Amino acid sequence: MAGFFDNFRQKVILAVNPQEQGNPEPTSENKNTVDNLISLGVLLWVVAQADNKFLPEEEEEIGKVLSAYGQVAEADMPIVLRAIKEASINRIDLHTFTKEVGQELAFDAKIGILENLFRVACIDRDLNNEEHEMIRKISGLMRIDHRDFIDTKIRIKKEFGLDTAGL
């Protein structure tokens, strides 16, 4: 898995910081930020694709989340999104990948990821079953308690003005 992150970390770093071209080893802070950005981006992309209809609104929301999270400049976002799309296509195993991503994250960071996964899924005003089940799977792999999963889902559905009856 280290090769996966090393490869895409370099793509994202070079896309965002072309002056890093001569520096093959990113700083520890930069490495963690890019790893987190790639991880979040891949998970968001996987959820957006779960219903087999990847909408422009979903890609736009992913861009907003990544821009806010990683402070990526608007001009650099297409390159970052391409790297994340490629990373999501080439991911080896969602189970292994998600467990690795969630392993060292604090509870608040995991809930933040879960919130953003629901935001991308709800951007079209429809949290369909495929998206819901993909988020549930990711949540379980990150060891988020079911109660926290439900609370987060309700909170984000309310944010989008979606029906929360029967949850």
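Below, the structure is looked at part by part. Just so it is clear, the model here is predicted, and its values are computed rather than measured. (Residues numbered from 1 in each chain as written. Predicted model: local features only at pLDDT ≥ 70, side-chain atom pairs only at ≥ 80, totals over all residues. Heavy atoms only, no water.)

1. Quick look at the packing of helix H6 (residues 107-122) against helix H8 (residues 146-159)
Part 1 of the argument: Running from N to C, H6 and H8 point in directions that differ by 45 degrees, and their axes come no closer than 9 Å. Judged by the angle between their axes, H6 and H8 are oblique. Relative to H8, H6 is oriented so that their crossing is right-handed. Packed against H6, whose contacting residues are Phe107, Ile111, Leu114, Glu115, Phe118, Arg119 and Cys122, the element H8 presents Asp148, Phe149, Thr152, Lys153, Arg155, Ile156, Lys157 and Glu159 at the interface.
Part 2 of the argument: Split into classes, the residues belonging to the contact of H6 with H8 amount to seven nonpolar, one polar and seven charged. (Axes fitted to C-alpha atoms, helices over the stretch in contact; angles between N-to-C directions. Helix = DSSP H or I, 4+ residues; strand = E, 2+ residues; numbered from the N terminus. Parallel < 35°, antiparallel > 145°, perpendicular 65-115°, else oblique. Left-handed = near helix turned anticlockwise from the far one by under 90°. Contact = heavy atoms within 4.5 Å. Nonpolar A, V, L, I, M, F, W, Y, C, P; charged D, E, K, R; others polar.)

2. Quick look at the packing of aromatic side chains
Part 1 of the argument: Going through the model one piece at a time under the given rule, you end up with two aromatic pairs.
Part 2 of the argument: Ring centres 5.5 Å apart and planes at 50 degrees place the aromatic pair phenylalanine 118 and phenylalanine 149 in the tilted group. Taken as a pair, phenylalanine 118 in helix H6 and phenylalanine 149 in helix H8 lie far apart in primary sequence, 31 residues in all. There is no split in this pair, since phenylalanine 118 and phenylalanine 149 are both buried. (Phe/Tyr/Trp six-rings, centres within 6.5 Å; stacked < 30°, edge-to-face > 60°. Buried < 20%, exposed > 50% of the residue type's maximum accessible area, 1.4 Å probe, protein only.)

3. Topic: H8
Part 1 of the argument: The first and last C-alpha atoms of H8 sit 20 Å apart over 14 residues, in line with the 20 Å expected at 1.5 Å per residue.
Part 2 of the argument: Taken residue by residue, H8 has Phe149, Ile150, Thr152, Lys153, Ile154, Ile156 and Lys157 as its buried positions.
Part 3 of the argument: Summarising the contacts, the buried residues of H8 are in contact with H6 and helix H7 (129-141).
Part 4 of the argument: Two or three places before arginine 147, at the opening of H8, aspartate 145 has a side-chain oxygen 3.0 Å from that residue's backbone nitrogen.
Part 5 of the argument: Phi for glycine 161, located one or two positions after H8, is positive at around 70 degrees. (Expected span 1.5 Å × (residues − 1). Polar contact = N/O pair within 3.5 Å; in protein donor to acceptor, adjacent residues only side chain to side chain.)

4. Thoughts on the side chain of asparagine 128
Part 1 of the argument: Relative to the assigned elements, asparagine 128 resides in the loop between H6 and H7.
Part 2 of the argument: Classification of asparagine 128 by relative accessible area gives buried; the value is 12%.
Part 3 of the argument: For asparagine 128, the side chain forms a polar contact with the main-chain nitrogen of glutamate 131, separated by 2.9 Å.
Part 4 of the argument: In contact with asparagine 128, not counting residues within four places along its chain, are Asp51 and Lys53.

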